[in-house]
Every structure is written in C-alpha cells, then in structure tokens.
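# Analysis of the macromolecular model
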Amino acid sequence: MNITSGLKSTPIEADRILVIGCPGSGKSTLAKRLSRTLDLDYISMDRDFYWLPGWRKRPRDEIDRRIAKAVAEERWIMDGTGLSSFHLRLPRADAVIWLRLPRYACLYGAISRAFRYFGRNRPELPAGCPERLSRDALAYIWNFERDAVPLIEAALQEHGLANSTVIIKSRKAANRFAALGA
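In this report, we go over the structure that sits alongside the text.

What counts and how
- Residues numbered from 1 in each chain as written.
- Predicted model: local features only at pLDDT ≥ 70, side-chain atom pairs only at ≥ 80, totals over all residues.
- Heavy atoms only, no water.
- Helix = DSSP H or I, 4+ residues; strand = E, 2+ residues; numbered from the N terminus.
- Rg over C-alpha atoms; globule rule 2.2 N^0.38 Å.
- Contact = heavy atoms within 4.5 Å.
- Areas by Shrake-Rupley, 256 points an atom, 1.4 Å probe, with all protein chains shown as cover.
- Lys, Arg positive; Asp, Glu negative; His and termini not counted.
- Charge placed at Lys NZ, Arg CZ, Asp CG, Glu CD.
- 1 Å grid on protein atoms, 1.4 Å probe; cavity = no way out; pocket = protein on both sides within 12 Å on 5 of 7 lines; lining within 4 Å.
- Points joined across faces, edges and corners; volume = space filled by probe spheres on them.
- Nonpolar A, V, L, I, M, F, W, Y, C, P; charged D, E, K, R; others polar.
- Core = buried A, V, L, I, M, F, W, Y, C linked by side-chain atoms within 4.5 Å.
- Buried < 20%, exposed > 50% of the residue type's maximum accessible area, 1.4 Å probe, protein only.
- Expected span 1.5 Å × (residues − 1).
- Arc of directions from axis to C-beta.
- Pairing = 2+ DSSP bridges.
- Phe/Tyr/Trp six-rings, centres within 6.5 Å; stacked < 30°, edge-to-face > 60°.
- Lys NZ or Arg CZ within 6 Å of the ring centre and 35° of its normal.

## Topic: the overall build of the protein chain
Per the secondary structure count, the protein chain includes nine helices and eight strands. The C-alpha radius of gyration computed for the protein chain amounts to 15 Å, which stays within 12% of the reference 16 Å derived for 182 residues, consistent with globular compactness. Referenced to the eigenvectors of the C-alpha coordinate spread, the extents of the protein chain come out at roughly 40 × 35 × 30 Å. For the protein chain, the share of sequence-separated contacts (at least 6 apart) that also reach a separation of at least 24 residues comes to 75%. Surface summary for the protein chain: the accessible area is close to 9300 Å², and the carbon and sulfur share equals 54%. Mean positive and mean negative side-chain charge positions of the protein chain (30 and 20 charges, respectively) differ by 6 Å.

See the structure below:
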C-alpha cells in the first residue's frame, strides 16, 4: 500500500472523503466499509446522481445540482470517479483515496461482480438497473490507465491534491486500510 503524506487530514479524521478508481477496483466496497467505520453518510455516484431506473442517465444539469447539494453537506464518503464532476467534488474533499489496482484486478472485479449480481441490482445502483457488463465497459477498464489516469492526475494537481492522495494498489491493501479504519 502506498499512502502519500501531506493529507489535509488523515482519512480517519476526514469529514468528506472521495473514493476514486477504475471500475471493478472496489470503490463501493471500500467506501461502504469506511462509511460504517467512520460514521459517514455513504453516497454512490451511480445511485444518487447518474442513473435512473432502466439505465437512463439523468440530465447533466440535474447531476451537477445533486452533486453540489451533496458535497455541501458536512460529513460524507462518496464513491465514483466521475471525471466530469471533479470540479464540484475535489474542492470539498478532505481526503481522496485512489484505488489504483492493476488492470487485470479491475477486470476480474467487474467480471466477478457481473456474475454475482447477474440480472439483479447491486445495492449501489438504483432500482431497475440490473447488473450488466458490456464490451464498452470492458474496453473502458482496459484503457483506464491510458485514458483516465492522466485526467485524474491533472485534476488532483489542479485542486492541490496530487501529493496528498491515499493510493492503494491492491485488494489486500484496501482490506487492511478498511480494517484499520484508515
């Protein structure tokens, strides 16, 4: 586990935490565990902002309004990378936890989740959004390091968080991190 120093506050002291990373990396699992441990409200980007039943996406202006309202609260933990909303979320975060697992681990996570919830809803999705896995989703995971990581790094740099982000590089390290309560 690589934990970068210089955090605004340690995650255990933080009131507002973002958990980001590639799909299948375990963001929701870690965020929910830390939510219970740290007594923070759990916010799912997918359930609370992006998706309506039937996999219909909310309009962008509604997504941004919902995010702005949520991040104005004093205590929360939010899972989801959502690059297009970093400008709303990063300035309010006390801590950022980046699950930066290898590509194969994220692919395994997404595929095993698809089998585990096949035809049913995951808890972090709204009703009417049964689990699915598309070729596009797999391609996004495959290309995440190339396509999304530079954008994440730039956003963290822009918001002064580049040197103060907790970076976790394995599921084992994520489990240790959650077990310690950060």
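## Observations regarding the layout of surface pockets
Over the atoms rolls a probe the size of a water molecule, and in doing so it shows where empty space is left. Approximately 1200 Å³ is the volume attributed to the largest pocket. In terms of lining, the largest pocket is formed by 45 residues, of which the most central are Pro23, Lys27, Asp46, Arg113 and Arg122. Counting residues per element, the ones that place at least two in the lining of the largest pocket are helix 1 (27–38), helix 2 (45–50), helix 5 (103–116), helix 6 (135–142) and helix 9 (171–179). Residue composition of the lining of the largest pocket, by class: 16 nonpolar, 14 polar and 15 charged.

## A word on the nonpolar core
Grouped burial of nonpolar side chains is what soluble globular proteins tend to show. Counting residues in each nonpolar core, the largest one holds 55 residues, and the members touching the most others are Ile17, Leu30, Ile97 and Ile168. Here the element with the most residues in this core is strand 7 (residues 95–99); it accounts for five residues. With sequence-adjacent residues up to four places away left out, Ile97 is seen in contact with Ile17, Leu18, Val19, Ile20, Leu30, Leu34, Val166, Ile168 and Phe177.

## Brief notes about helix 3 (residues 60–71)
For helix 3, with twelve residues, the first-to-last C-alpha span of 16 Å sits near the 16 Å given by 1.5 Å per residue. Buried within helix 3 we find Ile63, Ile67, Ala70 and Val71. The buried residues of helix 3 occupy an angular sector of 90 degrees when projected down its axis, which confines them to one face. Relative to its buried face, helix 3 has exposed residues pointing more than 90 degrees away, namely Arg65 and Lys69.

## What to know about the pairing of strand 2 (residues 16–21)
Summarising burial for strand 2: six of the six residues are buried, a large majority. Burial along strand 2 is two-sided: Arg16, Leu18 and Ile20 facing one way and Ile17, Val19 and Gly21 facing the other are all buried. Judged from the four bridges that link them, strand 2 and strand 6 (residues 76–79) form a sheet pairing that is parallel. Note that in strand 6 the partner of Ile17 across the bridge is Ile77.

## Notes on the packing of aromatic side chains
To describe a pair of aromatic rings, one takes the distance between the centres and the angle between the planes. Applying the stated criterion to the full structure yields two aromatic pairs. Residues Trp51 and Trp55 carry aromatic rings whose centres are separated by 5.1 Å and whose planes lie at 75 degrees to one another, so their mutual orientation is edge-to-face. Centroid distance Tyr140 to Phe144: 5.7 Å. Interplanar angle 75 degrees. Geometry classified as edge-to-face. Of the residues examined, Tyr140 reaches a relative accessible area of 38% and is grouped as partly exposed. Its end group placed over the ring of Trp51, Lys57 keeps NZ or CZ at 6.0 Å from the ring centre. The positively charged end of Arg132 is found above the aromatic ring belonging to Trp55, 4.1 Å away from the centroid.

Honestly, it's all geometry; don't read function into it.
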